[in-house]
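# Remarks on the overall topology
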Amino acid sequence: MAGIVGWGSYIPKYRITVEEIAAVQGQNLKAIIDGLGLTEKSVPGKDEDAATIAVHASRDALKRAGINPKEIGAVYVGSESHPYAVKPTASIVGEALDIGNEYTALDTEFACKAGSGTIQINAGMVDSGMIKYGLGVGADTSQAEPGNALEYSAAAGGAAFIIGPKNGSVATLDFTASFTSDTPDFWRRALQPYPAHAGRFTGEPAYFKHVLGATNLILKKSGAKISDFDHIVLHMPNAKFPERAAKILGATPKQIEVGLVVKKIGNTYSGSSLLGLAAVLDVAKPEQKILVTSYGSGAGSDSFIFTTTNKILLVQKEARKVSEYIARKEYLGYAQYLKHMEEIHK
Amino acid sequence: MFRESPILRWRGYNDRYKLKGYKCRVCKKVYFEKKGLCPCGSIEFDEIELSGKGKIAAFTQIHGAPEAFESKAPYCVAVIDLAEGARIEAQVVDCKYSDLKIGTDVEAVFRKFYSSGEKGAIHYGTKFVPKF
Ligand SMILES: [Zn+2]
């Protein structure tokens with residue numbers, strides 16, 4: 001199968017703490033931190049949106065891939081906060097990357113797994129010989145209604161992956177598997193500014209059923225054991241869900257440690273599991289096995305098994321690491337935070 | 001300076017989206033925007049990629065912004081000397097006015113400029129942030 005030839009990430013500079021939000025909402029800070037396992041989240045700048053985040057991450061992916069952008073034959077951008085309802089984010093990314101005109105492009109949407117699906121599409125296109133390289137992005141500036149529980153975690157960020165021939169890749173894609181069902185756990189109706197969710201129903205029948213379903217399926221398909229993996233990334237709506245899912249799968253805290261970026265940036269939706277994968281690639285050594293499972297409400301999960309190659313060491317330094325974006329931060333008060341959120345959806 | 005038409009904006013994508021520069025074939029001077037005639041007398045230019053790295057040559061803070069930028073005010077605007085020699089005027093974001101100095105290293109980022117009202121097109125392009 002195809003492989004990853006370059007990856008890039010981006011997280012906006014601004015943060016708001018869970019403490020700041022809990023104080024305004026008059027809620028119990030300890031209960032929230034215990035429930036979610038995160039202490040702050042990223043907030044986009046007033047002039048950032050899913051398109052600008054996608055461009056930023058894609059430019060870094062291009063630096064690491066070291067290819068001529070004109071060789072990219074497909075651009076797919078997954079998000080649930082595409083700036084336009086009609087007019088693709090993908091063509092904005094293609095233009096900003098100077099890909100030319102000879103490429104196919106689409107925006108994708110499947111709650112938080114709109115980005116991971118682009119890796120499967122591109123891998124299929126590369127393997128069939130339709131394209132040489134394909135760019136896939138997951139990027140979001142997530143919406144949450146002030147006062148809603150989602151406000152503590154809905155964050156902004158994204159990651160981009162250029163998929164190409166196995167030969168020359170930094171990580172080969174060895175297996176992929178998906179698990180999908182019609183499950184009404186979380187949605188946003190057309191023209192509504194904020195999503196709605198089914199409270200506790202988002203747990204067992206939604207996140208856990210699909211994440212465990214896809215992961216168990218890929219383990220069966222590949223014959224791999226959970227202990228075979230150096231790194232495991234599971235979608236991160238908060239820190240508690242992936243920690244619990246990992247435990248059920250028999251994974252150790254050490255296996256999920258590097259990819260668990262949610263604690264300091266929150267849930268970046270379409271960017272979430274992909275930022276976890278980018279953080280792993282940033283520091284991975286050659287010949288390491290990586291397991292990634294995304295989750296999108298509605299509901300479905302995509303699982304991937306990657307093996308890093310020697311080439312990864314040559315490109316890790318070519319662009320910024322996820323950890324550098326996490327370290328760069330400026331805290332906002334609640335009033336400033338609201339101004340940022342109003343502005344980006346204008 | 002401030003164009004409402006999405007078509008006029010679209011014609012500027014090469015400069016503003018991709019940060020292309022134009023190098024005089026004779027004296028090798030680099031310009032950010034396409035020129036008809038170089039002061040050296042040449043009319044021939046080659047399109048080049050600008051790295052987006054530069055230093056602040058002059059800067060100011062805008063308080064009374066045009067309507068489309070009102071909600072973003074106050075914001076910083078600077079004249080930036082790019083590494084390749086071209087000069088560009090652009091917004092510097094993700095910083096406070098007090099963070100900037102003449103000589104501050106900056107790098108190009110892709111950001112939203114403004115939306116043409118609630119129903120109009122969204123305009124994007126290059127701004128700068130202090131190097132981090
Ligand atoms: Zn000249």
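The paragraphs below set out a description of the structure included in this document.

Attention shifts here to the packing of helix α6 (residues 203–222) of chain A against helix α7 (residues 240–249) of chain A. Residue and element names in this part refer to chain A. Where α6 contacts α7, the axes come no closer than 11 Å and their chain directions differ by 50 degrees. Put simply, α6 runs oblique to α7. The crossing of α6 and α7 is right-handed. Residue-level contacts link Gly203, Glu204, Tyr207, Phe208, Val211, Leu212, Thr215 and Asn216 of α6 to Phe241, Pro242, Arg244, Ala245, Ile248 and Leu249 of α7.

Before going further, it helps to examine the coordination of the zinc ion. Residues and elements named next belong to chain B. Those protein atoms acting as donors to the zinc ion are Cys24 (SG), Cys27 (SG), Cys38 (SG) and Cys40 (SG), and they sit at 2.3 Å. Note that the zinc ion binds four donor atoms; their angles at the metal cover 103 to 114 degrees, and the shape is tetrahedral. Taken in chain order, the donor set of the zinc ion reads C-x2-C-x10-C-x1-C. Note that Cys24 is positioned in strand β1 (residues 20–24) and Cys38 in the loop between β2 (30–31) and β3 (45–49), a separation of 14 residues in sequence. Just as Cys24 is buried, Cys38 falls in that class too.

The next subject is the interface of chain B and chain A. The partner chain A presents 25 residues to the 22 residues of chain B that form the contact. Here chain B packs against chain A, burying approximately 2300 Å² in sum over the two surfaces, 46% of which is carbon and sulfur. The largest contributions to the chain B side of the interface with chain A come from Asp94(B), Phe110(B) and Phe132(B), which together make up 29% of the buried area. In this structure, Lys127(B) engages Asp47(A) in a salt bridge whose closest nitrogen and oxygen atoms are separated by 2.8 Å. Applying the counting criterion to the chain B and chain A interface returns 19 residue pairs in polar contact (both at pLDDT 80 or more). Elements with a minimum of two residues in the side of chain B that touches chain A: β7 (105–115) and β8 (122–130) of chain B. Ranked by residues supplied to the side of chain B that touches chain A, first place goes to β7(B) with six residues.

Now for the environment of Leu82(B). Residue and element names in this part refer to chain B. Here Leu82 lies in strand β5 (residues 75–82). Take Leu82: its relative accessible area is 4%, and that puts it in the buried class. Here the alpha-carbon distance between Leu82 and Ala57, two residues 25 residues apart in the chain, equals 9.8 Å. Beyond its immediate sequence surroundings of up to four residues, Leu82 is in contact with Leu50, Gly52, Lys53, Gly54, Ile88 and Phe128.

This part is about unusual backbone geometry. Ala299(A) follows Gly298(A) through a cis peptide bond whose omega is 5 degrees. Relative to the helices and strands, Ala299(A) is located in the loop between β12 (289–293) and β13 (300–308). A cis amide bond links Ala73(B) to the next residue, Pro74(B), at an omega of -5 degrees. Backbone geometry places Lys87(A), a non-glycine residue, at a positive phi of 135 degrees. Mapped onto the elements, Lys87(A) comes out in the loop between β4 (72–78) and α4 (89–96). Phi is positive for Lys28(B), close to 70 degrees, though the residue is something other than glycine. By the element assignment, Lys28(B) lies in the loop between β1 and β2.

What follows concerns the packing of aromatic side chains. A full pass over the atoms with the stated rule returns 15 aromatic pairs over all chains. With centroids separated by 6.0 Å and ring planes inclined at 55 degrees, the aromatic side chains of Tyr325(A) and Phe132(B) adopt a geometry described as tilted. A residue pair is termed interchain when its members come from two chains, as with Tyr325(A) in helix α12 (residues 322–327) and Phe132(B) in the segment after β8. With a relative accessible area of 34%, Phe132(B) lands in the partly exposed category. The ring of Phe132(B) has Arg320(A) lying over it, and the distance from NZ or CZ to the ring centre is 3.6 Å.

Here is what the cut-offs are and how they apply
Residues numbered from 1 in each chain as written. Chains lettered and ligands numbered in written order. Predicted model: local features only at pLDDT ≥ 70, side-chain atom pairs only at ≥ 80, totals over all residues. Heavy atoms only, no water. Axes fitted to C-alpha atoms, helices over the stretch in contact; angles between N-to-C directions. Helix = DSSP H or I, 4+ residues; strand = E, 2+ residues; numbered from the N terminus. Parallel < 35°, antiparallel > 145°, perpendicular 65-115°, else oblique. Left-handed = near helix turned anticlockwise from the far one by under 90°. Contact = heavy atoms within 4.5 Å. Donors = N, O, S within 2.8 Å, 3.2 Å for Na, K, Ca; no water. Tetrahedral: all angles 85-135°; square planar, octahedral: opposite > 155°, others 65-115°. Buried < 20%, exposed > 50% of the residue type's maximum accessible area, 1.4 Å probe, protein only. Buried area = accessible area lost by both parts, 1.4 Å probe. Salt bridge = Lys/Arg side-chain N within 4 Å of Asp/Glu carboxyl O. Polar contact = N/O pair within 3.5 Å; in protein donor to acceptor, adjacent residues only side chain to side chain. Phe/Tyr/Trp six-rings, centres within 6.5 Å; stacked < 30°, edge-to-face > 60°. Lys NZ or Arg CZ within 6 Å of the ring centre and 35° of its normal.

Everything listed here is a matter of coordinates, which is why it stays silent on function.
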